[in-house]
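# Observations on the model geometry
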Amino acid sequence: MTGKNILVLAGSTRRESLNRKLASAVATQLIGKGMHVTFLDIAEHDLPLYNGDLEVQHGIPDTAHRLHEAFRTHQGVFIASPEYNANVSPIVSNAIAWVSRVQKDGGIQSAFGNPVYALGSASPGGFGGYRGLMALRNMLELGLGARVLPAMVTVGMAHEAINEHGQIISPMPRQMLDRLVSQLDEALAHCVTNNSPTSAIA
Ligand SMILES: Cc1cc2nc3c(=O)[nH]c(=O)nc-3n(C[C@H](O)[C@H](O)[C@H](O)COP(=O)(O)O)c2cc1C
């Protein structure tokens, strides 16, 4: 498993975000398996709330173009997304909405149709954000034609399941993570895209 470029996106702007910790743990695991990881913290990529009038008047924000570039230049994209009211967090949904409006450089196909997507969520609740991930899967697969791996990582009681060193210590999410990494490895072994990271998010 070498030479695969994976974008790992932390989909929360909260300072003590559990999903940022999950994203870091996933990045560490992928690096350990020989993959090249680019870590993207959505907190560092401000986007206005999507509004059609704003788009008409001011165009698509540079940040959305940079996110589009980040998505399309990686072979795999892992998104750690919080669950809000059993649904996709507004921050992740908003970012995806803006990126889906980019039409140049291959538009939706290059950003969502080419990379392999993998999903995870961390929550203090018992379900670990599973319902939000199903909604995110729906958005990516049905809305944007993405290929989303069947395996997902959900970390319930994440404030206890992730230790102070950022390691996932609960057995179940660790197993889920192993399964996800192995599916990603398998999917990318047959990947025919020649996506390669650029300076998009440096
Ligand atoms: C408006 C709102 C709705 C939420 N709904 C859910 C929910 O449906 N399921 C869940 O497990 N957690 C829910 N939570 C709790 C979040 O999962 C929790 O705040 C989590 O830590 C957010 O992710 P972060 O730590 O990465 O910022 C909700 C939180 C907020 C503010």
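Scroll up to find the structure.
In this report, we go over the structure that sits alongside the text. (Residues numbered from 1 in each chain as written. Predicted model: local features only at pLDDT ≥ 70, side-chain atom pairs only at ≥ 80, totals over all residues. Heavy atoms only, no water.)

## What to know about the site of the ligand
Rules: Proximity criterion: a residue is near a molecule or strand once any of its heavy atoms comes within 4 Å of it. As used in this structure description, the phrase polar contact means that two N or O atoms lie within 3.5 Å; if the pair is within protein, one of them must be able to donate a hydrogen and the other to accept it, and residues adjacent in sequence are counted only when both atoms belong to side chains. Using the Shrake-Rupley algorithm and a 1.4 Å probe, accessible areas are obtained, with residue cover drawn only from the displayed protein chains. Starting at the N terminus, helices and strands are each numbered in turn, a helix being any DSSP run of H or I of at least four residues and a strand any DSSP run of E of at least two. For this scheme, ten residues count as nonpolar: Ala, Val, Leu, Ile, Met, Phe, Trp, Tyr, Cys and Pro. Four count as charged, namely Asp, Glu, Lys and Arg, and the remainder, Gly too, count as polar.
In the vicinity of the ligand lie 13 residues, with Ser12, Ser17, Glu83, Asn85 and Ser123 positioned nearest. Arginine 14 places a polar side-chain atom, nitrogen or oxygen, 2.8 Å from an oxygen atom of the ligand. Between the ligand and alanine 86 there is a distance of 2.8 Å, counted from an oxygen atom to a backbone nitrogen or oxygen. Alone, the ligand offers 610 Å² of accessible surface; in the complex the protein occludes 72% of this. Within the residue set of the shell around the ligand, elements represented by two or more residues are helix H1 (18-32) and strand S4 (83-84). Classifying every residue of the shell around the ligand by side-chain character gives 5 nonpolar, 5 polar and 3 charged.

## Considerations on the packing of aromatic side chains
Our working definition: Only rings of Phe, Tyr and Trp enter the pairing, Trp through its six-membered ring, and a pair is recorded when the two centres are within 6.5 Å. The plane angle decides the type: under 30 degrees is stacked, over 60 is edge-to-face, the rest tilted. Three labels apply to residues, based on accessible area from a 1.4 Å probe with only protein chains included: buried if under 20% of the type maximum, exposed if over 50%, partly exposed otherwise in between.
All chains considered together, the criterion is met by 4 aromatic pairs. Here the aromatic rings of tyrosine 50 and tryptophan 98 are separated by 4.7 Å at their centres, their planes lie at 65°, and the arrangement is edge-to-face. Within this pair, whereas tyrosine 50 is found in the loop between strand S2 (36-41) and helix H2 (52-58), its partner tryptophan 98 is found in helix H4 (residues 90-100), the two being separated by 48 residues in sequence. A relative accessible area of 30% means that tyrosine 50 is categorised as partly exposed. Between the aromatic rings of phenylalanine 71 and phenylalanine 112, the centroid separation amounts to 5.8 Å while the plane-to-plane angle is 75°, which identifies the pairing as edge-to-face. Of this pair, phenylalanine 71 sits in helix H3 (residues 62-72) while phenylalanine 112 sits in helix H5 (residues 107-113); the two residues are 41 residues apart in sequence, bridging distant segments of the chain. Assigned by exposure class, phenylalanine 71 and phenylalanine 112 land together as buried.

## Looking at the environment of glutamine 29
As a reminder of what qualifies: Should any heavy atoms of two residues lie within 4.5 Å, those residues are considered in contact.
Topologically, glutamine 29 is positioned in helix H1. The class for glutamine 29 is buried, based on a relative accessible area of 18%. Each C-alpha atom, one on glutamine 29 and one on aspartate 178, is 8.6 Å from the other, the two residues being 149 residues apart in sequence. In this structure, glutamine 29 is in contact with Leu177, Asp178 and Val181, ignoring residues within four places of it in sequence.

## Regarding a nonpolar patch on the surface
How we decide: Patch construction takes residues with relative accessible area above 30% that form no salt bridge. Like charges are linked within 9 Å, and nonpolar side chains (Val, Leu, Ile, Met, Phe, Trp, Tyr) are linked within 5 Å. For this document, the term salt bridge refers to a Lys or Arg side-chain nitrogen within 4 Å of an Asp or Glu carboxyl oxygen.
On the surface, Phe127, Tyr130 and Met134 cluster together into a nonpolar patch covering about 320 Å² of accessible area. Its location among the elements puts methionine 134 in helix H6 (residues 130-144).

## With respect to the sheet that holds strand S1 (residues 5-10)
What counts, and what does not: Strand pairing is assigned whenever DSSP identifies at least 2 bridges connecting the two strands. Axes here mean lines fitted to C-alpha atoms, for a helix over just the part in contact, with angles spanning 0 to 180 degrees between N-to-C directions.
Spatially, the 5 strands line up as an open sheet ordered S2-S1-S3-S6-S7, and their pairing is parallel. The sheet is open, and its two edges are formed by S2 and strand S7 (147-155), each paired on a single side. Recorded for the sheet is a direction-independent mean angle of 20° between the axes of neighbouring strands. Summarising the sheet, strand S6 (residues 116-122) and S7 pair through 6 bridges and their orientation is parallel. By the bridge assignment for S7, leucine 119 is matched with methionine 152. Sitting on the sheet, H6 touches strand S3 (76-80), S6 and S7, and the angle it makes with S7 is about 165°. Sitting on the sheet, helix H8 (residues 171-189) touches S1, S3, S6 and S7, and the angle it makes with S7 is about 160°.

## Topic: the nonpolar core
Inclusion rule: Put simply, buried Ala, Val, Leu, Ile, Met, Phe, Trp, Tyr and Cys residues joined by side-chain atoms within 4.5 Å make one nonpolar core.
Ranked by internal contacts, the top residues of the largest apolar core, which has 31 residues, are Leu22, Leu30, Phe78, Val155 and Leu184. Listing elements by their share of this core, those giving two or more residues are S1, H1, S3, S6, S7, helix H7 (158-161) and H8. No other element matches the 7 residues that H1 contributes to this core. When near neighbours in sequence (up to four residues on either side) are disregarded, leucine 30 contacts Ile6, Val8, Met35, Val37, Val181 and Leu184. Counting 30 residues, the second largest nonpolar core, distinct from the first, contains Phe71, Val77, Ile79 and Val102.

By themselves these figures say nothing about function.
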